[in-house]
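Notes for the structure review
Residues per chain are reported as follows:
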Amino acid sequence: MSDRKLLVAGNWKMHGSLTFVKEMMTSLATMLPSKMNYDVAVFPVYIHLHEVINTKPEQVLCGAQNLSEYDDGAVTGEVSGKMLADLGCNMVLVGHSERRVMNRESNEEVAKKFAQALKYGLTPVLCVGESLLERQSNQTFDVVWAQIQAVLDLVGIEQLGLGVLAYEPVWAIGTGETATAEQAQEVHQFIRSQLALNDDTISRRIRILYGGSCKGSNAYELFSMQDVDGGLIGGASLTAQDFMAICQEADKLSQGD
Ligand code: PEP
């Protein structure tokens, strides 16, 4: 494990209700230690952001799952980075594979969203990852790097370094099939070595999360890999117990276990 602070991020996707949010915030306030050597963030749907921001324990960060590539204007149904920042959000996911596939978000569009997040002081979490077909045809590195390169081309290495990366193999998201720790490490190491060609310091400093069926039982092994700096958690962030089980593994590692 590196000396970067681990981040455990819960992507709630289109799940939950106001009652769920209130209960989760109460549980996390009770269960999370007040001083943590790792970061925790949750990503509810837009309409629950306000409730999370107003009721979350201080040590929990809050992010949105998406943002518009535009500042404002006639873009019905979209929400801008400026609005998210105004509400008190800290972070925002960009390029989650579900949006890349279902909303046909291109690498270039995702890059614009990354830039918008930074423009308004939000930390973008850039999600990248290959499909099963792409992995089977040995395209993993090409696909992942093209997704990162588009952002690099638009904002440059300094700005990219202000974000967080999340490697999420599409075949592992919500499927129960986790990448092995070695498979995750291989891609994380590849990303870091490519970034090092642009800036060695940033490549060592940037956090690269793993996402894809991460849970309490596999988090320790994944997070203990040299280039894995935490997790982006979907399904296992939907109950306080499951999410806390992952946080506890991050805690053990950050204590130097
Ligand atoms: C995700 O939604 O980003 C994710 C990793 O989901 P899951 O943990 O359910 O695979």
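To be clear, the structure that these remarks concern was listed above.
The following paragraphs examine the structure supplied in this document. (Residues numbered from 1 in each chain as written. Predicted model: local features only at pLDDT ≥ 70, side-chain atom pairs only at ≥ 80, totals over all residues. Heavy atoms only, no water.)

To continue, consider the site of the ligand. Close to the ligand lie 14 residues, the nearest being Lys13, Glu168, Gly174, Ser213 and Gly235. Residue serine 213 places a main-chain N or O atom 2.7 Å away from an oxygen atom belonging to the ligand. Computed on the free molecule, the ligand has an accessible area of 290 Å², of which 96% lies beneath the protein chains in the complex. Its residues assigned to classes, the shell around the ligand shows 4 nonpolar, 8 polar and 2 charged. (Near = heavy atom within 4 Å. Polar contact = N/O pair within 3.5 Å; in protein donor to acceptor, adjacent residues only side chain to side chain. Areas by Shrake-Rupley, 256 points an atom, 1.4 Å probe, with all protein chains shown as cover. Nonpolar A, V, L, I, M, F, W, Y, C, P; charged D, E, K, R; others polar.)

Right, let's talk about the packing of helix α10 (residues 216-223) against helix α11 (residues 240-254) for a bit. Two numbers describe how α10 lies on α11: the axes approach to 8 Å, and their chain directions differ by 30 degrees. Classified by the angle between their axes, α10 and α11 sit roughly parallel to one another. α10 and α11 meet at a crossing whose hand is right-handed. Along its contact with α10, which presents Gly216, Ala219, Tyr220 and Phe223, the element α11 presents Ala245, Ile246, Glu249, Ala250, Lys252 and Leu253. Among the residues forming the contact of α10 with α11, the class breakdown is 7 nonpolar, 1 polar and 2 charged. (Axes fitted to C-alpha atoms, helices over the stretch in contact; angles between N-to-C directions. Helix = DSSP H or I, 4+ residues; strand = E, 2+ residues; numbered from the N terminus. Parallel < 35°, antiparallel > 145°, perpendicular 65-115°, else oblique. Left-handed = near helix turned anticlockwise from the far one by under 90°. Contact = heavy atoms within 4.5 Å.)

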